[in-house]
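Chain and residue survey
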Amino acid sequence: MVNLQCFSQCSEADMSKLLRSEEMTLVQIFLSQEASYNCIRELGELGAVQFADLNEGVNAFSRNYVSEIRRSEEMERRLRFFAGEIEREKLPVPADYNVPSAPNPKDLIDLEATLEQLEGETRQINANQEALLRNFYELKELKHVLNSASTFFQEGAAIQQEGLKERLTPKYDEESGGNISRHLSFLCGVINRAKIPVFERVLWRASRGKALLRHMEIEEVLKDPATEEEIPKSTFIVYFQGEQLKMRVKKICEGLGATTYPCKEDWEERRQTEAEVDKRLEELTSILNETKNHRFRMLNTVVSSINSWIIQVRKVKAIWYTMNKFKKDRDRTAPTRRVGVPSCN
């Protein structure tokens, strides 16, 4: 109510001033090409000039500073990449209340080179870490397969003792056209736990009931090395007979994203393999810790400056956008600038 009373006491002339901007004066400026960037940078820091677009009919891709704008957008892309990596690591970004000014041409080149170098190093570290994690989880899966093998082979021995081997593998195979070997082969691996029912159905239909699947859940939650998403998995073993059926089982495993691993029937050989796997896992754990620490230190250097870099790159991009509004004269040496300036200035 107080504000309304104040407004009611104002004259119509005073009311019209409240709804209008400062009285502006149209000014035309001529500057050399070399001084354009620094002049626009200083005028932009003042914030008291409005530039008119003298190239309204010109396509945005046909203007003078398209390549510079693309370079600024490339720096913005790199900064978005760093922001994503920082968020992924959940690093706290310190608040920076100091607004930096737009960099001069020399500092801009240094900033562009710094961002390019940091991005290359970060991507290289990420690639190495992903490869190490993939190898690490593959060894983890192999260790679980070796641990589950004893249970699987005990079940296989029970199958043979109960005479199920004869029922699963007839003496004459119509597809091979003759007698097949009585030796029961097997294939071990790891598969996504959600795909187990599909795996069972496809195996039964493809083998016509001649393949036997056994699986066991992995209690430890494994992760995807690329996304670090937790994926519940299970170890499995498939008993079959014949080379043709072996090829079918392998294709089914590839189609469902299952990973197969070599596994020996002899307990002593499995124990030696498991000891080698444990040794390699220790080495990989040490290397992974060093890689993560190096990546953490590099991201910490970016965290302290990323807010300042974002403001600087945005100001640089705004400068190039403003300079694209200028119209060059006939000899293309001195661009013409038409600006609106408050009359009080």
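Throughout what follows, the structure given in this document is the object of discussion. Because the structure is a prediction, the values reported are computed rather than measured.

Attention now goes to empty space enclosed by the protein. This model, assessed by the stated rule, comprises one cavity of 30 Å³ or more. Every residue along the wall of the largest cavity is listed here: Glu-68, Arg-71, Ser-72, Met-75, Leu-108, Glu-112, Val-316 and Trp-320. Contributions of two or more residues to the lining of the largest cavity are made by helix H4 (66–89), helix H5 (105–161) and helix H10 (306–323). The element that contributes the greatest number of residues to the lining of the largest cavity is H4, accounting for four residues. Considered class by class, the residues forming the lining of the largest cavity number four nonpolar, one polar and three charged.

Moving on to the pairing of strand E5 (residues 185–192). Residues in a regular strand point their side chains to alternate faces of the sheet. Counting buried positions along E5 gives six out of eight residues, so the element sits mostly inside the fold. As paired strands, E5 and strand E9 (residues 233–240) are joined by eight bridges and run antiparallel to one another. Opposite Cys-188, over in E9, you have Ile-237 as the bridge partner. Where E5 lies against strand E10 (residues 259–261), three bridges are found, and the strand directions are antiparallel. Residue pairing for E10: Gly-189 is matched across the bridge by Thr-260.

A word on the layout of surface pockets. Approximately 260 Å³ is the volume found for the largest pocket. Lining the largest pocket are 18 residues, with Glu-138, Glu-141, Pro-225, Lys-233 and Thr-259 positioned closest to its centre. Among the secondary structure elements, those contributing two or more residues to the lining of the largest pocket are H5, E5, strand E7 (222–223) and E10. It is H5 that contributes the most residues to the lining of the largest pocket, four residues altogether.

So, on to the packing of H4 against helix H9 (residues 267–303). At a closest axis distance of 10 Å, the pairing of H4 and H9 adopts a crossing angle of 120°. Regarding the angle of H4 to H9, the classification is oblique. Between H4 and H9 lies a crossing of left-handed hand. Where H4 approaches H9, its residues Phe-82, Glu-85, Ile-86, Arg-88 and Glu-89 are matched on the opposing element by Arg-295, Leu-299, Val-302 and Val-303. Classifying every residue of the contact of H4 with H9 gives five nonpolar, no polar and four charged.

Now for the environment of Tyr-137. Following the sequence through the fold, Tyr-137 ends up in helix H5. Separated by 86 residues in sequence, Tyr-137 and Lys-223 have C-alpha atoms that sit 7.5 Å apart. Leaving out residues up to four positions away in the same chain, Tyr-137 has contacts with Leu-222 and Lys-223.

Glancing now at the side chain of Lys-140. Checked against the element boundaries, Lys-140 lands in helix H5. A relative accessible area of 19% places Lys-140 in the buried class. If near-sequence neighbours (up to four positions away) are discounted, Lys-140 is found in contact with Glu-220, Leu-222 and Leu-281.

Bringing H9 into the picture now. Taking 1.5 Å per residue as the helical rise, H9 with its 37 residues ought to reach 54 Å, and the 52 Å between its terminal C-alpha atoms agrees with that figure. For H9, the full list of buried residues reads Arg-270, Val-277, Leu-281, Leu-284, Leu-288, Thr-291, Arg-295, Met-298, Leu-299, Val-302 and Val-303.

Attention now moves to the nonpolar core. Within the largest apolar cluster, 29 residues are counted, with the highest numbers of intra-cluster contacts made by Phe-82, Trp-320 and Met-323. Those elements that place two or more of their residues in this core are helix H3 (36–46), H4, H5, H9 and H10. With seven residues, H10 is the largest single contributor of residues to this core. In contact with Trp-320, other than residues within four places in its own chain, are Tyr-37, Tyr-65, Glu-68, Ile-69, Ser-72 and Leu-108.

Under the counting rule described, the total for this entry stands at 20 salt bridges. A salt bridge links Arg-193 to Glu-217, with the nearest nitrogen and oxygen atoms 3.8 Å apart. Of the two residues, Arg-193 sits in the loop between E5 and helix H7 (196–207) while Glu-217 sits in strand E6 (residues 212–217), which places them 24 residues apart along the sequence. Arg-193 gets classed as partly exposed once you look at its relative accessible area, which sits at 26%. Three or more residues joined by partner-sharing salt bridges are found here, namely Glu-74, Arg-77, Arg-78, Glu-119 and Arg-123.

For the rest of this paragraph, the subject is helix H8 (residues 243–255). Look at H8: 19 Å from first C-alpha to last across 13 residues, which is about the 18 Å you get at 1.5 Å a residue. Where H8 is concerned, the buried positions are Leu-245, Val-249, Ile-252 and Cys-253. What you see down the axis of H8 is that its buried residues fit within an arc of 100°, all on one side. Residues Glu-243, Lys-251, Glu-254 and Gly-255 are exposed on H8 and point more than 90 degrees away from its buried face. At its buried positions, H8 is contacted by E5, H7, E9 and E10. Backbone geometry just downstream of H8 places Gly-257 in the positive-phi region, at approximately 75°.

Basis of the calculations
- Residues numbered from 1 in each chain as written.
- Predicted model: local features only at pLDDT ≥ 70, side-chain atom pairs only at ≥ 80, totals over all residues.
- Heavy atoms only, no water.
- 1 Å grid on protein atoms, 1.4 Å probe; cavity = no way out; pocket = protein on both sides within 12 Å on 5 of 7 lines; lining within 4 Å.
- Points joined across faces, edges and corners; volume = space filled by probe spheres on them.
- Helix = DSSP H or I, 4+ residues; strand = E, 2+ residues; numbered from the N terminus.
- Nonpolar A, V, L, I, M, F, W, Y, C, P; charged D, E, K, R; others polar.
- Buried < 20%, exposed > 50% of the residue type's maximum accessible area, 1.4 Å probe, protein only.
- Pairing = 2+ DSSP bridges.
- Axes fitted to C-alpha atoms, helices over the stretch in contact; angles between N-to-C directions.
- Parallel < 35°, antiparallel > 145°, perpendicular 65-115°, else oblique.
- Left-handed = near helix turned anticlockwise from the far one by under 90°.
- Contact = heavy atoms within 4.5 Å.
- Expected span 1.5 Å × (residues − 1).
- Core = buried A, V, L, I, M, F, W, Y, C linked by side-chain atoms within 4.5 Å.
- Salt bridge = Lys/Arg side-chain N within 4 Å of Asp/Glu carboxyl O.
- Arc of directions from axis to C-beta.

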